[in-house]
Amino acid sequence: MLYYLAIFAYILFCWIWSSQPGFDKGKSDFLYWSVFLLFWFTAGWRYETGTDYFAYDELYRTTTTLGKAQQAGGITSDLGTTDIGYMLLNSLFRTIGTDINIMFFLIAFVTNLLLFGSIGKYLPRYRFPCILAYYTFCFFTLDMNGIRQSIAVCIFIYSLRYIQQQQTVRYAATILIAALFHLSAVVVLPLYWIVNRRFPSWLLYTTTMVGFTVIALRIPVVEILVQKLIVPVLPWAGAVYKLGVYTSEEGIKAWGLNSKLLLYMAGLVYIIRRRKLLDGMTPYANILLNLFAIYIFCRGMLWESIELNSRINYYFIFGLIAGLVMLPDTLRIAKNRLIASMLLIAVIFYQGNLWLLGSVHAKSYLPYQNYLVHRIFDLPSTGRERLNQQAEAEQQ
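About the cut-offs
Residues numbered from 1 in each chain as written. Predicted model: local features only at pLDDT ≥ 70, side-chain atom pairs only at ≥ 80, totals over all residues. Heavy atoms only, no water. Core = buried A, V, L, I, M, F, W, Y, C linked by side-chain atoms within 4.5 Å. Buried < 20%, exposed > 50% of the residue type's maximum accessible area, 1.4 Å probe, protein only. Contact = heavy atoms within 4.5 Å. Phe/Tyr/Trp six-rings, centres within 6.5 Å; stacked < 30°, edge-to-face > 60°. Helix = DSSP H or I, 4+ residues; strand = E, 2+ residues; numbered from the N terminus. Lys NZ or Arg CZ within 6 Å of the ring centre and 35° of its normal. Salt bridge = Lys/Arg side-chain N within 4 Å of Asp/Glu carboxyl O. Patch = residues over 30% accessible without salt bridge, like charges linked within 9 Å, V, L, I, M, F, W, Y side chains within 5 Å. Areas by Shrake-Rupley, 256 points an atom, 1.4 Å probe, with all protein chains shown as cover. Polar contact = N/O pair within 3.5 Å; in protein donor to acceptor, adjacent residues only side chain to side chain.

(A) Region of the structure containing the nonpolar core. Ranked by size, the top nonpolar core spans 126 residues in total, and within it Tyr4, Phe39, Tyr135, Phe137 and Phe316 carry the most contacts. If near-sequence neighbours (up to four positions away) are discounted, Phe316 is found in contact with Val188, Leu191, Leu291, Ile294, Tyr295 and Cys298.

Here it is in structure tokens:
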């Protein structure tokens, strides 16, 4: 808990300090990339930490090496997966003969390099608040847990430059690479023809209201579309099958209307009104605004399944983050900007309260265990015990 709090405090310190008038750009860059190192080492050297660590470890241990894969006619695992890119990484590192943590370390380097480079390009004025928001909105659930989708999401964030530059082939190729690591990435392939369009404000308001209506009235859109129409027709197709699993009656968990979503909707409505100011903040403003609107729309439409909702919206959450961090600067009065910034910090902190305040529902992350420390000093791990404690707490 203290370790995660210290990282939060350090990023916040970097944000406040670098915001001072006339602050040296070289120092700001140094601080920014020091946060990159923190993210890289924290995610890369975690040891038996996170909900999915042991599942990934078992998948790694049962994946065939490249030599055996050649004899068998393909890469296989006792657990199986359709994400061939991730399976190939597993097989490659299994062939080299390293622990899974070495692979995690290199994956964390690549994903964070894509993330930090992209944020620096798209939102140079807001890179510290953006990273702070990413820390609580995504870091624990993606970088520290859902490795395959973390790779796909960071590749997608990187690919936004190709939408802005109108490079169709590069965007499509990049997304197909992302889909090799998590099949869900295929849902963002059509975005090239959507998010770069400047939709009229009334249409963005309408999609927001539609999403709000569906979730407020609890209209079962997912059940109607997935369970009644798609799965009965194509029950064993890869992506469709996953949709069926994520929304099956046995394991479905609803994600209804709450105060945070109402706050995000209000924020979206406000920045739609101030969208001309956003245009002066970054050339990617229209793309990010559309991603924010899609996030809110999907959050409302997919309320029945927290699993499906999360899987899809991880690709759009960067729009939410960007919209929230730019919102204070759309206010005219300095005092209001300060109040909005303080509210933003509170929202960001609250988003990560499970990990920052040490909730039993985040027990698999607490305390943080470092691979190098445990290997060098031969320390015992409490990873499985903590994972079981978290599972018990979630069942209560």
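(B) Broad picture of the packing of aromatic side chains. This structure, assessed with the given rule, holds 43 aromatic pairs. Ring geometry for Phe8 against Phe349: centres 5.3 Å apart, planes inclined by 80 degrees, an arrangement best described as edge-to-face. Note that Phe8 is positioned in helix H1 (residues 2-18) and Phe349 in helix H18 (residues 334-351), a separation of 341 residues in sequence. The buried category is assigned to Phe8, whose relative accessible area is 6%. The class for Phe349 is partly exposed, based on a relative accessible area of 26%. An angle of 70 degrees between the planes, with centres 5.0 Å apart, marks the rings of Trp17 and Phe23 as edge-to-face. Trp17 sits in the partly exposed class, given a relative accessible area of 37%. When the ring centre of Phe104 is taken as origin, the NZ or CZ atom of Arg46, which lies over that ring, is 4.3 Å away.

(C) Local environment of the environment of Pro220. Within the secondary structure layout, Pro220 lies in the loop between helix H10 (201-217) and helix H11 (221-233). Of the residues examined, Pro220 reaches a relative accessible area of 31% and is grouped as partly exposed. Sequence-wise, Pro220 and Leu160 are 60 residues apart; in three dimensions their C-alpha atoms are separated by 32 Å. Setting aside its immediate chain neighbours within four residues, Pro220 contacts Trp303 and Glu304.

(D) Representation of the pattern of salt bridges in the model. Per the stated rule, a full pass over the model turns up 8 salt bridges. Residue Arg311 pairs with Glu307 through a salt bridge whose shortest N-O separation is 2.9 Å. Remark: Glu307 and Arg311 occur in helix H16 (residues 306-313); sequence separation between them is 4 residues, near one turn of the helix. Of the residues examined, Glu307 reaches a relative accessible area of 32% and is grouped as partly exposed. Several salt bridges share partner residues, and in doing so they unite Lys25, Asp29 and Arg127 into one network.

(E) Main features of a nonpolar patch on the surface. A cluster of nonpolar side chains, contributed by Leu372, Val373, Ile376, Phe377 and Leu379, occupies part of the molecular surface with about 480 Å² of accessible area. Among the structural elements, Ile376 can be located in helix H20 (residues 371-376).

(F) Structural view of the side chain of Thr49. Checked against the element boundaries, Thr49 lands in the loop between helix H2 (25-44) and helix H3 (53-61). At 2.9 Å, the side chain of Thr49 forms a polar contact with the backbone oxygen of Tyr47. At 3.4 Å, the side chain of Thr49 forms a polar contact with the backbone nitrogen of Gln369. Non-local contacts of Thr49, meaning those with residues more than four positions away in its chain, are made with Tyr4, Met144, Ser364, Tyr365, Pro367, Tyr368, Gln369 and Arg386.

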